[in-house]
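Chain residues, written in single-letter form:
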Amino acid sequence: MSRSVALFLVLLLSACGLLPKQNSPEDSKNWSASKFYSEAKSEMSSGNYSAAIKLFEQLEARYPYGRYAQQAQLEIGYAHYKDGEQATAIAAADRFIKLHPNHANVDYAYYLKGLANFNDDLGLMGIVSEKILNQDMSERDPKASRESFENFRELVTRFPDSKYTPDAVQRMKHLYNVVALNEVQVARYYMRRGGYVAALNRAQFTLKEYPQTPATEEAIFIMIKAYDALGMADLRDDAARVMTKNFPNSRFFPDSTAASGDSWWKFW
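Asker: Got a minute to help me understand the packing of aromatic side chains in this structure?
Answerer: To describe a pair of aromatic rings, you give the distance between the ring centres and the angle between the ring planes. Tallied over the full model, the rule gives 15 aromatic pairs. Between Tyr 110 and Phe 159 the ring centres are 5.7 Å apart and the planes differ by 45°, which places this aromatic pair in the tilted class. Within this pair, whereas Tyr 110 is found in helix H6 (residues 106-117), its partner Phe 159 is found in the loop between helix H8 (143-158) and helix H9 (165-192), the two being separated by 49 residues in sequence. Each ring, one from Phe 205 and one from Tyr 210, has its centre 6.3 Å from the other, and the planes form 75°; the classification is edge-to-face. Here Tyr 210 falls in the buried class, since its relative accessible area comes to 11%. Here the aromatic cluster, defined as three or more aromatic residues joined through ring pairs, consists of Tyr 108, Tyr 111, Phe 118, Phe 152 and Tyr 164.

Structure, rendered in structure tokens:
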């Protein structure tokens, strides 16, 4: 293609508005705070989070005082969160809380911290582990889940009437179960490697700290197996009775009638 034809096509696309809009420094030189904000929000709506962050930062630098600058600080945190930059999002939220502890929207900053730590959506790597490797939250590092729980708990405690509190409560319930299941994952790991005392301690810890969660059933089963491996028959039988009473249809009961009886756990 000749250079003249290529130039003609570029001019034609520009005239039709098909080329992406680019704002040069000169374009924004005389922008008002509201103009910066509306342009940044437009970039956010289009999923251009990096561009939105730059505009919000320019807004804050150009107009450091007033409601637009304060809102920009919150929006920067959200944009980083949407862009998969959890640590930066948390830092932005912490900065807002420090600068504006009595702001009308400070509850959102606490909520954003919880969202950023919420270990259920980790961008591309989260998709790989969740969809391809079939890894659930309980199999990941529980640190972020614990921190997310604490973030949401602080929100619920400080701002019980916040519009974000109901969602935070639901996420806390989920995270509570996730951390409990993680403890069982660790106990299971020790069992596979013959660390029966360590497995027993972890299972007992799960029952004490996270009662009445989906992890309870397997925690009791691990205790039965660990007691049996350690030759502690009385404690094993006590745990087996608790298992039978509380989980009569447990998935850990063998299907074979030949395996039924007082020693059913040996068939696992």
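We are not done yet, so read on.
Asker: What exactly am I supposed to notice about the packing of H8 against H9 here?
Answerer: In a pair of packed helices, the angle between the axes and the distance between the axes together describe the arrangement. In contact at an axis separation of 9 Å, H8 and H9 are set at 150° when each is read in the N-to-C sense. With respect to H9, the axis of H8 lies roughly antiparallel. In this structure, the crossing between H8 and H9 has a hand that is left-handed. Where H8 approaches H9, its residues Ser 145, Arg 146, Ser 148, Phe 149, Phe 152, Arg 153, Leu 155 and Val 156 are matched on the opposing element by Thr 165, Ala 168, Val 169, Arg 171, Met 172, Leu 175, Tyr 176, Val 178, Val 179 and Glu 183. Looking at side-chain class alone, the contact of H8 with H9 contains 11 nonpolar, 3 polar and 4 charged residues.

Criteria and thresholds
Residues numbered from 1 in each chain as written. Predicted model: local features only at pLDDT ≥ 70, side-chain atom pairs only at ≥ 80, totals over all residues. Heavy atoms only, no water. Phe/Tyr/Trp six-rings, centres within 6.5 Å; stacked < 30°, edge-to-face > 60°. Helix = DSSP H or I, 4+ residues; strand = E, 2+ residues; numbered from the N terminus. Buried < 20%, exposed > 50% of the residue type's maximum accessible area, 1.4 Å probe, protein only. Axes fitted to C-alpha atoms, helices over the stretch in contact; angles between N-to-C directions. Parallel < 35°, antiparallel > 145°, perpendicular 65-115°, else oblique. Left-handed = near helix turned anticlockwise from the far one by under 90°. Contact = heavy atoms within 4.5 Å. Nonpolar A, V, L, I, M, F, W, Y, C, P; charged D, E, K, R; others polar.

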